[in-house]
Amino acid sequence: MKPGSRIYVTGRTKLIGSALARRLESEDLDVLSREPDYTNAAEVHDYFQNESPDYVFVAAGKSGGIRANQERPAELMRDNLQAIQHILPAAHRHGVKKLVYLASSCVYPRLCTQPMKESDLWSGPLEPTNESYATAKLTGLQMCRAYRQQHDAPFVGIIPTNLFGPGDTFDADNSHVVSALIRRMDDAKRDGADHIDIWGTGTPRREFMSVNSFADACVHVMRHYDSDEPINIGSGESHTIAELAESIRDVVGFEGELRFDTTKPDGMPEKVLDVTKLSALDWTCAADFKSALEETYTWYCHSAGVSAV
Ligand SMILES: NC(=O)c1ccc[n+]([C@@H]2O[C@H](COP(=O)([O-])OP(=O)(O)OC[C@H]3O[C@@H](n4cnc5c(N)ncnc54)[C@H](OP(=O)(O)O)[C@@H]3O)[C@@H](O)[C@H]2O)c1
């Protein structure tokens, strides 16, 4: 990618896409401002024909936490499959210079050895609470490989860890854990509530990464990685859900109790990515977790039109 390259970032209005656009535009790269509805094959085809992107980041798709995965598995699976089915063939037909496809760490088996290595993919059953979404994401990774095998297409699969940051969706019920907890603790603080309930035992261990660091790593991978093996992108730093909740409580300034509802599912006991391959490309995560949470909370207050105090 160099000045003048035309770059199609799918999903550029939200968390990952907006961070990628900011990162690319900081180098004066030309991120296309328009994007098609990826559920419409003809619209995607016309888009490639009219806009001629050189590079593509497939960072759009519906996703959510455990609740969204349990209540809307068909919708999440169908939507993500449509993105794959329409964007990848169009990118190939139009001869893009490179495409990176973003999967999810849900693609690893439920009881995968930790930290999870790229070679562990397909080695066991998926976590049942998100298997429909995960199956769609695995299909995306396999589709990248298939296009490489059959057409030598320059498609690369990325497996991102849990991301958070500016641009996230702050819905109390249907968001990822960091943004949902920020929203719920901020609401509870403003309402003077004495506690909030958190799904599960608080013991599952998860890796979190600021979306700005992720975008930087993604651009690095676009430039320096070219293989049919997917690559993990993570921070290498993990926390239990209880530790995460305590950190968010500090940042938000919520003084009530954190009550863990152990009747609700935990999801996978531990999920941490092995980032050896990424480190071998000379990329390391420089961001500080607490500062990234503070930046996210500030962004949330600003976007919600409320004061942080
Ligand atoms: N967030 C994470 O921690 C994480 C981790 C791993 C993988 N991922 C994956 O990365 C992708 C993006 O995640 P995200 O967190 O950035 O999601 P997000 O904040 O919900 O953003 C989704 C983006 O996709 C766009 N989109 C949805 N339906 C579309 C359609 N039919 N046509 C075109 N664009 C459409 C949305 O545009 P509108 O706003 O206009 O609807 C939005 O820009 C998802 O596939 C997700 O599974 C996310």
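Anything mentioned here points back to the structure above.
Worth saying up front: this structure is predicted, and the values here are computed from it rather than measured.

**Q** I keep staring at the nonpolar core and nothing clicks. Help me out?
**A** Where a protein is soluble and globular, its nonpolar side chains tend to be buried together. Counting residues in each nonpolar core, the largest one holds 38 residues, and the members touching the most others are F48, I87, L99 and F155. Residue assignment for this core shows that the elements contributing at least two residues are α2 (41-51), β3 (55-58), α4 (73-93), β4 (98-102), α5 (131-151) and β5 (155-160). The element best represented in this core is α4, accounting for 7 residues. Beyond its immediate chain neighbours, meaning those up to four positions away, I87 contacts Y8, T10, Y38, V44, F48, V56 and V58. If you look at the next biggest cluster of nonpolar residues, it comprises 35 residues, including L24, L163, F214 and Y225.

**Q** I would appreciate a short explanation of the pairing of strand β8 (residues 205-210) in the present structure.
**A** A regular strand places its side chains so that they alternate between the two faces of the sheet. The element β8 is extensively covered by neighbouring structure, given that 5 of its 6 residues are classed as buried. Of the pairings in the sheet, the one linking strand β6 (residues 162-164) to β8 comprises 3 bridges and is parallel in character. Within β8, the residue paired with N162 across the bridge is F208. Where β8 lies against strand β10 (residues 238-240), 3 bridges are found, and the strand directions are antiparallel. From the neighbouring strand, R206 faces β10, where its bridge partner is H239. Sheet topology places β8 next to strand β12 (residues 270-271); 2 bridges connect them, and they run parallel.

**Q** Quick question: what am I supposed to make of the packing of aromatic side chains here?
**A** Geometry of an aromatic ring pair is reported as the spacing of the ring centres plus the angle between the planes. If you walk through the whole model with that rule in mind, you get 8 aromatic pairs. Measuring from centroid to centroid gives 5.6 Å for Y147 and F155, while their planes differ by 40°, and the two rings are tilted. Each member of the pair, Y147 as well as F155, carries the same accessibility label: buried. Here a set of aromatic residues connected by ring pairs shows up, and it is made of Y8, Y47 and F48.

**Q** Explanation requested: the site of the ligand in the structure shown.
**A** Near the ligand lie 23 residues; those nearest to it are T13, K14, A59, Y133 and K137. Within the contact set of the ligand, an oxygen atom lies 3.4 Å away from a backbone nitrogen or oxygen of L15. Contacts to the ligand include G61, whose backbone N or O atom sits 3.5 Å from an oxygen atom. In isolation the ligand has 890 Å² of accessible area, and contact with the protein removes 81% of it.

Quick notes on the rules
- Residues numbered from 1 in each chain as written.
- Predicted model: local features only at pLDDT ≥ 70, side-chain atom pairs only at ≥ 80, totals over all residues.
- Heavy atoms only, no water.
- Core = buried A, V, L, I, M, F, W, Y, C linked by side-chain atoms within 4.5 Å.
- Buried < 20%, exposed > 50% of the residue type's maximum accessible area, 1.4 Å probe, protein only.
- Helix = DSSP H or I, 4+ residues; strand = E, 2+ residues; numbered from the N terminus.
- Contact = heavy atoms within 4.5 Å.
- Pairing = 2+ DSSP bridges.
- Phe/Tyr/Trp six-rings, centres within 6.5 Å; stacked < 30°, edge-to-face > 60°.
- Near = heavy atom within 4 Å.
- Polar contact = N/O pair within 3.5 Å; in protein donor to acceptor, adjacent residues only side chain to side chain.
- Areas by Shrake-Rupley, 256 points an atom, 1.4 Å probe, with all protein chains shown as cover.

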